[in-house]
There are 2 protein chains.
Amino acid sequence: MSKTPIWKSIALRLTSDIAEERYQTGDRLPTEAQLAATYGVNRHTVRRALADMSEQGLVHARRGAGVFVATRPTDYPIGKRVRYHKNISASGKIPGKKILALTTRAADAAEAEALGLSKGDTVHVYDGLSLADGQPIGLFQSVFPAERFPDLLQTLTDTQSVTKALQACGIADYVRVSTRVTARGATATQALHLQLPEGAPVLFSVGVNADPDGNPVEYGRTVFAGERVTLTLNEG
Amino acid sequence: MSKTPIWKSIALRLTSDIAEERYQTGDRLPTEAQLAATYGVNRHTVRRALADMSEQGLVHARRGAGVFVATRPTDYPIGKRVRYHKNISASGKIPGKKILALTTRAADAAEAEALGLSKGDTVHVYDGLSLADGQPIGLFQSVFPAERFPDLLQTLTDTQSVTKALQACGIADYVRVSTRVTARGATATQALHLQLPEGAPVLFSVGVNADPDGNPVEYGRTVFAGERVTLTLNEG
DNA sequence: GGCTAATATTTGTCTAGTTGTATAGTTCAT
DNA sequence: ATGAACTATACAACTAGACAAATATTAGCC
């Protein structure tokens, strides 16, 4: 899918550097060799990018001296994205949720280990979609030990809130004990729910919440739409 | 008779060559033309084999350079104290850094705000590549206030270590005050550095480190290769 | 200080090699 | 007939290395 040539993306990057005044008019750019090292490409590829910018009159090269900024691009799009910022420290406190499924089934190996159960123990599973301004931002699955919270599904149905449902089951507070995050490409079904093209970058987050005594109460997996969500990691 | 296609047998042969360490991670394979000659087939048939192996993540091709043997994922903990060297060592891999560029320039708007400066104030910028066992896992850019740390670039050049360089400038300890993470598709240049296909999912992380008094000392942006890194968010 | 000569940098150009992609044709089994 | 596997050829994009030409920097000398 490599559609844009490397030299072009380098030219774009340098152009934006100039547009955002990291290099000012008259400044000398790093040498071709330095740029090549910085971008990890051959000098010729850098030269191709500079040639393109030179044709647009953005820069001007002097043999033996260097490459200099001529003018600042006039119509450079300074795109600001609107993103939804979610704090990872308090999972399950997202406004706007849509229940996709509430089921009770046997735990798989990963779930059992995370919750301190044996494989095959029954768990409640809450599949849902997180929304912000009506837009889907995350697809999550929360898994709870069924034996400990027999009535959880009822309260979940009513409130849609994990926090309140757990409160109703006697868990006044809970904290996140572990979180793992990585980037992946969206599968077909994930893409569908999150209204993304298949393969679009998503944040895949796996975490465990525990009560104050350290007993795990929830094992959650969430797939966030990368282009709509920024996770804000708590600072202790 | 052989019902398996030629390309598949070639892929198998090359795969076992890698498994038996006749080619080691990071090594360059013979050129497609050479492989085609030795196996007595057309270059396209070899390419078919290599494409298959590439999909399995076994090898990675760089246009104009060659085909290289690829490698496996790493854990990267993020918490109050983010120290690259310790992080990678803890996961049993050999950490490494490659300086891509050390520059001093004017701060753009985002950098100025994060560091508590005015736009246009001078900053030191450290562009680099993080390696684990020699494989690129992250592309980072660290920005420091130049006025406060005039001699930072020198120490950075010597040690390559942010921690030590800051120590030399009188910052005995620093703490991460904010981290934001999102998922994106790799740009062409990022993909190049991280040896990924363009558009491959990457973790984009933005963070600020501050000294014990709460003054920001570093504004860092990192792009992690999604398939090679999982961020582990540890409390405390 | 000011000049020149030597040396190091930096851009410009050239040749060659390698992977990516597109098009067209051949062989062969079902 | 049709499609899959393979061959053949050509070109684009990028890498690699070398060398020349213009400029910048430095050292020595007056």
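What you see is a predicted model; the values in this text were computed from it and never measured.

Next up on the list: the packing of helix H2 (residues 32-39) of chain A against helix H3 (residues 43-55) of chain A. Residues and elements named next belong to chain A. Running from amino to carboxyl end, H2 crosses H3 at an angle of 105°, the nearest separation of the two axes being 8 Å. One way to sum up the angle between H2 and H3 is to call them roughly perpendicular. Of H3, the residues touching H2 (which contributes Glu32, Ala33, Leu35 and Ala36) are Arg43, Val46, Arg47 and Leu50. Its residues placed into classes, the contact of H2 with H3 shows 5 nonpolar, no polar and 3 charged.

Near DNA strand C you find 23 residues, and of these Arg43 and His44 of chain A together with Arg43, His44 and Arg47 of chain B are the closest. Restricting attention to atoms of DNA strand C within 4 Å of the protein, one finds that 64% of them are sugar or phosphate atoms. In the environment of DNA strand C, a phosphate oxygen lies 3.0 Å from a nitrogen or oxygen atom belonging to the side chain of Arg47 of chain A. For DNA strand C, a base nitrogen lies 2.5 Å from a polar atom in the side chain of His44 of chain B. Taken together, the residues that form the surface near DNA strand C break down as 4 nonpolar, 8 polar and 11 charged.

On to the protein's contact with DNA strand D. His44 and Thr45 of chain A together with Ile6, Thr45 and Arg63 of chain B are the nearest of the 22 residues found near DNA strand D. For DNA strand D, the fraction of atoms within 4 Å of the protein that belong to sugar or phosphate moieties is 75%. A distance of 3.2 Å separates a phosphate oxygen of DNA strand D from a polar backbone atom of Asn42 of chain A. A distance of 2.4 Å separates a sugar or linking oxygen of DNA strand D from a polar side-chain atom of Arg63 of chain B. Looking at the surface near DNA strand D, the elements that each hand over two or more residues are helix H1 (6-19) and H3 of chain A together with helix H1 (6-19) and helix H3 (43-55) of chain B. If one sorts the elements of the surface near DNA strand D by residue count, H3 of chain A sits on top with 3 residues. Along the lines of polarity and charge, the residues of the surface near DNA strand D split into 10 nonpolar, 8 polar and 4 charged.

The subject of this paragraph is the layout of surface pockets. All names here are of chain B. One number sums up the size of the second largest pocket: a volume of about 630 Å³. Forming the boundary of the second largest pocket are 29 residues, of which Arg83, Tyr84, His85, Lys97 and Val162 lie nearest the centre. For the lining of the second largest pocket, the class distribution of residues is 9 nonpolar, 13 polar and 7 charged.

The subject of this paragraph is the packing of aromatic side chains. Under the criterion given, the structure shown has 2 aromatic pairs over all chains. When the ring of Tyr126 of chain A is compared with that of Phe140 of chain A, the centres are 5.0 Å apart and the planes differ by 85°; the resulting orientation is edge-to-face. Within this pair, whereas Tyr126 of chain A is found in strand S5 (residues 122-132), its partner Phe140 of chain A is found in strand S6 (residues 135-145), the two being separated by 14 residues in sequence. Between the NZ or CZ atom of Arg48 of chain B and the centre of the ring of Trp7 of chain B, over which it lies, the distance is 4.1 Å.

Each assigned domain of chain A is listed here: domain 1 (6-69) and domain 2 (84-232). For domain 1 of chain A versus domain 2 of chain A, the distance between C-alpha centres works out to 46 Å.

Parameters at a glance
- Residues numbered from 1 in each chain as written.
- Chains lettered and ligands numbered in written order.
- Predicted model: local features only at pLDDT ≥ 70, side-chain atom pairs only at ≥ 80, totals over all residues.
- Heavy atoms only, no water.
- Axes fitted to C-alpha atoms, helices over the stretch in contact; angles between N-to-C directions.
- Helix = DSSP H or I, 4+ residues; strand = E, 2+ residues; numbered from the N terminus.
- Parallel < 35°, antiparallel > 145°, perpendicular 65-115°, else oblique.
- Contact = heavy atoms within 4.5 Å.
- Nonpolar A, V, L, I, M, F, W, Y, C, P; charged D, E, K, R; others polar.
- Near = heavy atom within 4 Å.
- Polar contact = N/O pair within 3.5 Å; in protein donor to acceptor, adjacent residues only side chain to side chain.
- 1 Å grid on protein atoms, 1.4 Å probe; cavity = no way out; pocket = protein on both sides within 12 Å on 5 of 7 lines; lining within 4 Å.
- Points joined across faces, edges and corners; volume = space filled by probe spheres on them.
- Phe/Tyr/Trp six-rings, centres within 6.5 Å; stacked < 30°, edge-to-face > 60°.
- Lys NZ or Arg CZ within 6 Å of the ring centre and 35° of its normal.
- Domains from an automatic or database assignment.

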